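Chains, contacts and geometry: an overview
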Amino acid sequence: MFDCNYFWRAVSIWNDGSLRPCCHYDAFRDKSIDNRTLDDDNIQNQSSLQKTRQTVLDGNIPTGCNICETLEKNGVSRSPRKRGYNNSKEYLKTYQAPTDKEKQVLVERNNIEHMNIDLGNTCNYMCVICNPGASHLIAKEQGRKDLSNSSWGDNEEKILSFIRKAENLKSVAIAGGEPFYNINMLNKVLEALIFVKDKCRLHITTNGSKVTTETANLIKQFRRVQIAISVDGTGRYNDFQRWNSNWKDIEKNITNFKEVFGNDVDLEINATISAITLPDLPKLIKWADDNPAIDWMHPSFLVWPDHLQCSILKPEVLQSVSNEIKQIDQSVTKRIIGQQGLTYITDYLENAKCTSEYRKEFDQHFNSLKELRQNFDVYKAFPDLQNNLM
């Protein structure tokens, strides 16, 4: 069985109010995902989730699980499926895997221990790895009026009702869009979660560009909080991939977040590594270690869209980066990414199946962006890139 504890103990809410097993699930491939009006607040048994569970029980792999499939085929031993939704030492001390009795098409509300909550597509960035469903500015750029303000719509109250009643939640991950630019929705969700604040680990992913005192005070009430700031590279690597951002501002904002939250939260860097940013990964690791505001760094290799994966780079490029990371002082890698993080990186870089299959799509992607954005030329920004691609 292609098993995963997300199927039986987790629910993920996308920006439009549709449901899926986890935030990694690729609903673009799985057409059964829908955002039709929910019948009630038993959202854990919405029809698309039932279909996914039935697929697994029938011995098949759900269509949307291709991200974990791809990572595992590329030699990554700790894919999201294998890591699970909560791998903290504290949680793992008492963790028991789902029993066969739990593995049913219909699950109880109190079986749900984890939620991924995406608040809508309001965002102030236009990242090249993103899509109109997660950034209203990209939707506007592409003329997607249907996604100009993606939200939970009529499902909102049913979802909030479920959150208030989910008494066994042990971890919640909140993202967007940009959560701190959708402050009313963020505050509603935090207020709904307050009753589990003493036992629930809260994880918020943000681009780090803004935070308010009111929301910070709400967040500080939770027993354990991790704020993950999305930074994919240093300098021009960050500014190009996370279009609309500015590296100098990012550095200032990270310092500001630390001042606002102090030692009440763990501040980590969430780095999405693409074919664009991979060459800068060793420098990013060193920068994160040198920054006293940062407690941890979590690198992850991009899987979607296909044409931005690191595997479109030549094998010698991946091997060179792997070698450079191995040469970083062990005290640095141990503190900032840990042995598991280091293994995750080197396993991927040394086992990835490099391909030229998506080269045409890569060029089409950036040619279209070049027409839409002023002074946006990937090969001018990174002169070595053209030769480094398969």
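Residues numbered from 1 in each chain as written. Predicted model: local features only at pLDDT ≥ 70, side-chain atom pairs only at ≥ 80, totals over all residues. Heavy atoms only, no water.

**Overview of the overall build of the protein**
Put simply, the test is: Counting from the N terminus, the helices are DSSP H or I runs at least four residues long and the strands are E runs at least two residues long. Relative accessibility thresholds used throughout: buried, under 20% of the residue-type maximum; exposed, over 50%; partly exposed, between the two (1.4 Å probe, protein chains only). Between two residues, a contact is recorded if the distance between any of their heavy atoms is within 4.5 Å. For every accessible area listed, the method is Shrake-Rupley and the probe measures 1.4 Å; residues are considered covered only by the protein chains on display. Charge assignment in this entry is limited to Lys and Arg as positive and Asp and Glu as negative, and neither His nor the chain termini are counted. In this description, the location of a charge corresponds to atom NZ of lysine, CZ of arginine, CG of aspartate or CD of glutamate.
Broken down by element type, the protein carries 18 helices and eight strands. Dimensions of the protein along its principal axes, counting C-alpha atoms only, are 55 × 50 × 45 Å. The 390 residues of the protein split such that 58% are buried. Within the protein, residue pairs in contact and separated by at least 24 positions form 77% of the contacts whose partners lie at least 6 positions apart. Total accessible area computed for the protein in this model is approximately 17300 Å², and 45% of it derives from carbon and sulfur atoms. Put simply, the protein has 49 plus and 51 minus side-chain charges, and the middle of one group is 1 Å from the middle of the other.

**With respect to unusual backbone geometry**
Each neighbour pair has its own omega, and for Gly176 with Gly177 the value is 15°, a cis peptide bond. Mapped onto the fold, Gly177 is located in the loop between β4 (171-175) and α8 (183-193). That bond from Trp304 to Pro305 is cis: its omega, 0°, falls within 30 degrees of zero. By the element assignment, Pro305 lies in the loop between β8 (296-301) and α13 (315-326). At Asn244, a position not held by glycine, the phi torsion is positive, near 95°. Among the secondary structure elements, Asn244 is positioned in the loop between α10 (235-241) and α11 (247-261). Exposure remark for Asn244: the relative accessible area of 44% places this residue in the partly exposed category. One non-glycine residue, Asn375, lies in positive phi territory at about 55°. Its location among the elements puts Asn375 in the loop between α16 (359-372) and α17 (378-381).

**Looking at the side chain of Gln309**
Within the secondary structure, Gln309 sits in the loop between β8 and α13. For Gln309, a relative accessible area of 5% corresponds to the buried category. In this structure, Gln309 is in contact with Thr70, Ala275, Leu302, Val303 and Tyr348, ignoring residues within four places of it in sequence.

**With respect to helix α15 (residues 338-351)**
Rule in force here: Between the first and last residue of a helix there are one fewer steps than residues, each counted as 1.5 Å, and that sum is the expected span.
Over its 14 residues, α15 extends 20 Å from the first C-alpha to the last, a length consistent with the 20 Å expected when each residue adds 1.5 Å. Turning to α15, its buried residues are Gly338, Gly341, Leu342, Tyr344, Ile345, Thr346, Tyr348 and Leu349.

**Let's talk about the environment of Lys380**
Its location among the elements puts Lys380 in helix α17. Sequence separation between Lys380 and Thr213 is 167 residues, and the spatial gap between their C-alpha atoms is 41 Å.

**What to know about the environment of Ala97**
Take Ala97: it is sitting in the loop between α5 (89-92) and β3 (114-118). In sequence terms Ala97 and Ile254 are 157 residues apart; their C-alpha atoms lie 37 Å from each other.

**What about the side chain of Ser171?**
The residue Ser171 is located in strand β4 in this model. According to the relative accessible area criterion, Ser171 is buried, its value standing at 2%.

**Examining the sheet that holds strand β1 (residues 10-13)**
Put simply, the rule is: The pairing criterion is simple: DSSP has to find at least two bridges between the two strands. Interaxial angle, 0 to 180 degrees, is taken between N-to-C directions of lines fitted to C-alpha atoms, where a helix line uses only the stretch in contact.
With mixed pairing, eight strands are arranged side by side in an open sheet as β2-β1-β3-β4-β5-β6-β7-β8. Unpaired on one side and paired on the other, β2 (19-20) and β8 mark the two borders of the sheet. In the sheet, β1 pairs with β2 via two bridges, with the strands oriented antiparallel. Residue pairing in the sheet places Ile13 in a bridge with Leu19 of β2. Set on the sheet, helix α12 (residues 281-290) makes contact with β7 (266-273) and β8; between it and β8 the angle comes to about 160°.

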